[in-house]
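Take a look at the letters that make up each chain.
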Amino acid sequence: MTQLESDNACILNVIKKKIKQRTLALKELDNQHVSSSEQFDKLRLTKELEPLQIAWDGYTSTKQTLLETVNLLSDPDPIMRSLAASEQSTLLSKLTSDLTNFTQLLIPKSKTYLHSALMELKAGVGGDEASLFVSDLLRLYGRFGEARGWQVLVIAKEDNEGGRGVKNAVLEIKGQGSYDALQWESGVHRVQRVPETEKGGRVHTSTAAVVVLPMVEEPLNNSPASEQLYNPKDVKIEVMRARGAGGQVGNVGLTGLEPSVMKLFEAQSAVRLTHIPTGITVSMQDERSQHRNRDKAFQILSARLLHKKLEEEMLERRSVRRALIRKADRSEKVRTYNWAQGRVTDHRINLTVNNLSDVMEGDGLGHFIHALANHHSTQVLESLLAGMSTVA
Amino acid sequence: MSHFLSKLARILGPRQAELELKWLRQCASNELQLSQMVKRRTRGEPLQYILGTQPFGPLDILVRPPVLIPRPETEQWTYALADKIIHRYKPLKDPHPTTLTVLDLCTGTGCIPLLLCTLLTPHGIQTEAIGVDISSAACLLAQENIISVKSHFPSPLSIRILQRNLFEPNFWSSIRDTLSPRSLDIITANPPYISEDSWRKLSPEVKDWEDPVALLGDPAVENSVDIRRGQGLTFYQRIRDLLLDCTMISPCCILALEIGEDQASAVTSLFRGQFHDIQIWKDGWGKDRAVFCTMERN
Ligand SMILES: C[S@@+](CC[C@H](N)C(=O)[O-])C[C@H]1O[C@@H](n2cnc3c(N)ncnc32)[C@H](O)[C@@H]1O
């Protein structure tokens, strides 16, 4: 039991502090009319911490019983001793589950748990190899999403001209929780393998950049979410590319037309949005319909703005609390896929899975996502603790 | 596969070729069909005719030579017009939908009234529309589009297509039976507006495939009076005269006309007088593209 408690010392410390806060607040609220806003804050605090208090009370009473059974372990009666032993193991597992429960109670509920994910994949250094790697990743995430019952859509894709693979792509993974699961994928992913075209058998290193954004549903329907993200007046909508005289004349200018170069008019109208306050621009031309190009562009813009907003909120919290959370920088190398050694390593948590094909073709990515989420929770807890000690 | 791409890339450039091949592929049911489609495209046939449709707002409008392919600019101003109508007519508390009568002159595929109706219905505004066109190919296609839109958007869509010539002396009496007892609330038109000079210089993709009758703004008109020929303005003049002569117009009837890139001032000056709130609307490329105005009943 002492082992258990010392392993979870960090969590227990936070809880003890919170419980102390609550007791203090309760005492101060006693025998007083609740009137001032300060008192309302206290009231809110006690209410917020109530579930924690209940869990804590349960935990301490289990602990108490456990201590009592310890004495019985050395009882002269063998029956008593074996009873105590079995009781002890049940109590210990209860204590363990109480502790995990604490973690969940402490970590603030994710603000993005409802959001779907929008993933942008871009080939980095390494030419054709990088493009091939992007198409590998595209498949990997597609399968990962489908296995979880999410809807996977390739919103835009630009194939590697002349070569093979995909230069860049935008993937929409629709479903509750998909953003929370996939957000850890942001960053630079590296591949080390011998390209098929390489005669000398030399291992090449190439990269692909992944950006994961929280998606805002119903981009155009004045949903309150997107309304807060931007003022429609701040978004400049442009239809890209010159269009000659336009209208019935079509896309080709009237003058300077060389009959030998038969330039056909474009069958789609690409759309570019610029969010003036932030300078963020989004262009979309993958659909023939300008209406759909516009919708998609607005959806991506909303996702980028929400991402930015969340990042700013986090920075704010960080500066207040000296948080230790380190979110993946977009340029940071997060993971290496090494074909030669058949392994995948995540550099942020130093986790290596020695089964590359399980990651690429099976459900191996799940291990990483799970480990990264756990790692994040621990960091949040640590930051909570750090924040508390500055307050205390 | 990649030989299709290289064929297309030669005329379209790589990026465009890739996109178009994707759309052709989505539409073709087998490789043989795809190769025929690519061949048609490399011979300069508009992609829309090969695919058989053109997106127009949320609709997929059926297209077929020689009926004019709906343009993105037309789609844009139709949206703007719908906003204007909603702003003016959206029922406040009344749960009963308002019904507006729409007349679309030179309707072609019927795209304008079809989109208007689709955009207005969700706002409690129903439409009874009439589309008029001189071409039998256009009238037939418009009929097919009504059926196709009805099957995708099961809404109370009421559009009738009449084959009529705008320059007929008894134009109004020829549609009175269909219209009465109602009177017109909205009149739209994307009439032919290209001058003969400009038409000769058009890109082959337009000139060789789309009906000159749909494009040429100065048709040879019998007993025509005082027409500034050569600027593609004949239809606007005719539409103005028709409206001034019409007895079936509601108070504050909205008129919306698509115009060519340099025609705004000529067209607005034609309509000054009986028409007010004259507004020049710019398209997404910054060009004067439509004239909206309101008509006084006389
Ligand atoms: C530029 S197209 C517009 C088609 C459609 N409204 C659109 O926006 O895509 C002009 C149409 O006017 C029709 N038209 C030409 N002369 C006409 C006339 N004298 N009377 C009625 N319609 C005519 C043509 O057949 C053609 O369909």
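In this text, all values refer to a predicted model and were calculated from it rather than measured experimentally.

Participant: Would you explain the interface of chain B and chain A in this entry?
Facilitator: Interfaces are often described in size by the accessible area the parts lose on coming together. Chain B puts 50 residues into the contact, and the matching count from chain A is 33 residues. When the two sides are added together, the surface that chain B and chain A hide from each other amounts to roughly 3600 Å², 52% of it contributed by carbon and sulfur. It is B:Arg15, B:Trp23 and B:Trp285 that lose the most area in chain B upon contact with chain A, and together they represent 17% of the buried surface on that side. Here chain B is connected to chain A by one salt bridge. Counting across the chain B and chain A interface gives twelve residue pairs in polar contact (both at pLDDT 80 or more). Elements represented by at least two residues in the side of chain B that touches chain A include exactly helix 1 (2–12), helix 2 (14–27), helix 3 (31–42), helix 4 (47–51), strand 1 (53–56), helix 5 (72–89), helix 10 (204–207) and helix 11 (212–215) of chain B. Top element by residues in the side of chain B that touches chain A is helix 2 of chain B. It accounts for eight residues. Tallied by class, residues from the side of chain B that touches chain A come to 22 nonpolar, twelve polar and 16 charged.

Participant: Would you take a moment to explain the pattern of salt bridges for this structure?
Facilitator: A pair can form between side chains of opposite charge whenever their charged atoms are brought close. Summed over the entire model, instances satisfying the criterion amount to 28 salt bridges over all chains. For A:Lys167, the salt bridge identified is with A:Glu158, shortest N-O distance 3.4 Å. A relative accessible area of 30% places A:Lys167 in the partly exposed class. Residue classification places A:Glu158 among the buried residues on the basis of a relative accessible area of 16%. With a shortest N-O distance of 3.9 Å, B:Glu261 and B:Lys287 are connected by a salt bridge. One end of the pair, B:Glu261, is in the loop between strand 7 (249–258) and helix 13 (264–271); the other, B:Lys287, is in the loop between strand 8 (275–282) and strand 9 (288–295), with 26 residues separating them in the sequence. Accessibility expressed as a relative area gives 22% for B:Lys287, which makes it partly exposed. Salt bridges sharing partners connect three or more residues here, namely A:Glu129, A:Asp136, A:Arg139 and A:Arg193.

Participant: Would you mind showing me how to read the site of the ligand here?
Facilitator: Residues in close proximity to the ligand total 21 residues, the closest being B:Cys106, B:Asp133, B:Asn165, B:Leu166 and B:Asn190. More than one chain approaches the ligand, the contributing ones being chains A and B. Between B:Thr107 and the ligand, the recorded distance is 3.1 Å, taken from a backbone N or O atom to a nitrogen atom. In the complex, 98% of the free accessible area of the ligand, which totals 590 Å², lies under the protein chains. Listed by contribution, the elements that provide at least two residues to the shell around the ligand are helix 6 (111–120) and helix 11 of chain B. When its residues are assigned to classes, the shell around the ligand shows twelve nonpolar, seven polar and two charged.

Participant: I would appreciate a short explanation of the packing of helix 4 (residues 50–72) of chain A against helix 5 (residues 78–106) of chain A in the present structure.
Facilitator: Each pair of packed helices can be summarised by the angle the axes make with each other and by the distance between the axes. All names here are of chain A. Viewed as axis vectors pointing N to C, helix 4 and helix 5 meet at an angle of 160°, and their least axial separation amounts to 9 Å. In terms of orientation, helix 4 and helix 5 fall into the roughly antiparallel class. Crossing angle aside, the handedness with which helix 4 passes helix 5 is left-handed. Taken together, the residues of the contact of helix 4 with helix 5 break down into 16 nonpolar, five polar and five charged.

Participant: Where do I start with a positive patch on the surface in this structure?
Facilitator: All names here are of chain B. Together, Lys7, Arg10, Lys39 and Arg43 make up a region of like positive charge exposed at the surface. Along the chain, Lys39 falls in helix 3. On the basis of relative accessible area, Lys39 is assigned to the partly exposed category, the value being 48%.

Participant: So what exactly am I meant to see when it comes to the UniProt feature "domain: Release factor glutamine methyltransferase N-terminal" (unreviewed entry) in chain B here?
Facilitator: UniProt's entry tags residues 30–52 of chain B with the feature "domain: Release factor glutamine methyltransferase N-terminal" (unreviewed entry), counted in the numbering of this structure. Across residues 30–52 of chain B one finds 74% helix and 0% strand; the C-alpha atoms that close the span lie 16 Å apart.

Participant: How should I be thinking about the side chain of A:Ser116 in this particular structure?
Facilitator: Tracing the backbone through its elements, the reader meets A:Ser116 in strand 1 (residues 116–123). Within the structure, A:Ser116 has its side chain in polar contact with the backbone nitrogen of A:Gly175 (distance 2.9 Å).

Participant: Looking at this structure, I do not really get helix 2 of chain B. What am I missing?
Facilitator: Note: α-helices contain 3.6 residues per turn, so residues at a spacing of three or four share the same orientation. If you check helix 2 of chain B, its first and last C-alpha atoms are 20 Å apart, about what 14 residues at 1.5 Å a residue would give, namely 20 Å. Every buried residue belonging to helix 2 of chain B is among B:Arg15, B:Gln16, B:Ala17, B:Glu18, B:Leu19, B:Glu20, B:Leu21, B:Trp23 and B:Leu24, and all of these are buried.

Participant: For this particular structure, what's the right way to read the sheet that holds strand 8 (residues 280–284) of chain A?
Facilitator: Two pairing modes exist for strands in a sheet, parallel and antiparallel, and in both the strands are linked by backbone hydrogen bonds. Residue and element names in this part refer to chain A. With antiparallel pairing, three strands are arranged side by side in an open sheet as 6-7-8. If you trace the sheet from one side to the other, it starts and ends with strand 6 (235–239) and strand 8, each paired once. Mean inter-strand twist for the sheet, computed between neighbouring axes without regard to direction, equals 15°. Strand direction decides the pairing type here: strand 7 (residues 271–275) and strand 8, joined by five bridges, are antiparallel. When the sheet's bridge partners are listed, Thr274 is paired in strand 8 with Thr281.

Participant: I tried to follow helix 6 (residues 128–147) of chain A on my own but got confused; where do I start?
Facilitator: All names here are of chain A. For helix 6, which comprises 20 residues, the first-to-last C-alpha distance of 29 Å matches the rise-based estimate of 28 Å (1.5 Å per residue) to within 8%. Taken across its 20 residues, helix 6 has 15 buried, putting it largely inside the fold. In the stretch just after helix 6, Gly149 is the one whose phi turns positive, near 80°.

Quick notes on the rules
- Residues numbered from 1 in each chain as written.
- Chains lettered and ligands numbered in written order.
- Predicted model: local features only at pLDDT ≥ 70, side-chain atom pairs only at ≥ 80, totals over all residues.
- Heavy atoms only, no water.
- Contact = heavy atoms within 4.5 Å.
- Buried area = accessible area lost by both parts, 1.4 Å probe.
- Salt bridge = Lys/Arg side-chain N within 4 Å of Asp/Glu carboxyl O.
- Polar contact = N/O pair within 3.5 Å; in protein donor to acceptor, adjacent residues only side chain to side chain.
- Helix = DSSP H or I, 4+ residues; strand = E, 2+ residues; numbered from the N terminus.
- Nonpolar A, V, L, I, M, F, W, Y, C, P; charged D, E, K, R; others polar.
- Buried < 20%, exposed > 50% of the residue type's maximum accessible area, 1.4 Å probe, protein only.
- Near = heavy atom within 4 Å.
- Areas by Shrake-Rupley, 256 points an atom, 1.4 Å probe, with all protein chains shown as cover.
- Axes fitted to C-alpha atoms, helices over the stretch in contact; angles between N-to-C directions.
- Parallel < 35°, antiparallel > 145°, perpendicular 65-115°, else oblique.
- Left-handed = near helix turned anticlockwise from the far one by under 90°.
- Patch = residues over 30% accessible without salt bridge, like charges linked within 9 Å, V, L, I, M, F, W, Y side chains within 5 Å.
- Lys, Arg positive; Asp, Glu negative; His and termini not counted.
- Charge placed at Lys NZ, Arg CZ, Asp CG, Glu CD.
- UniProt positions renumbered as here; feature names shortened; annotations may be inferred.
- Expected span 1.5 Å × (residues − 1).
- Pairing = 2+ DSSP bridges.

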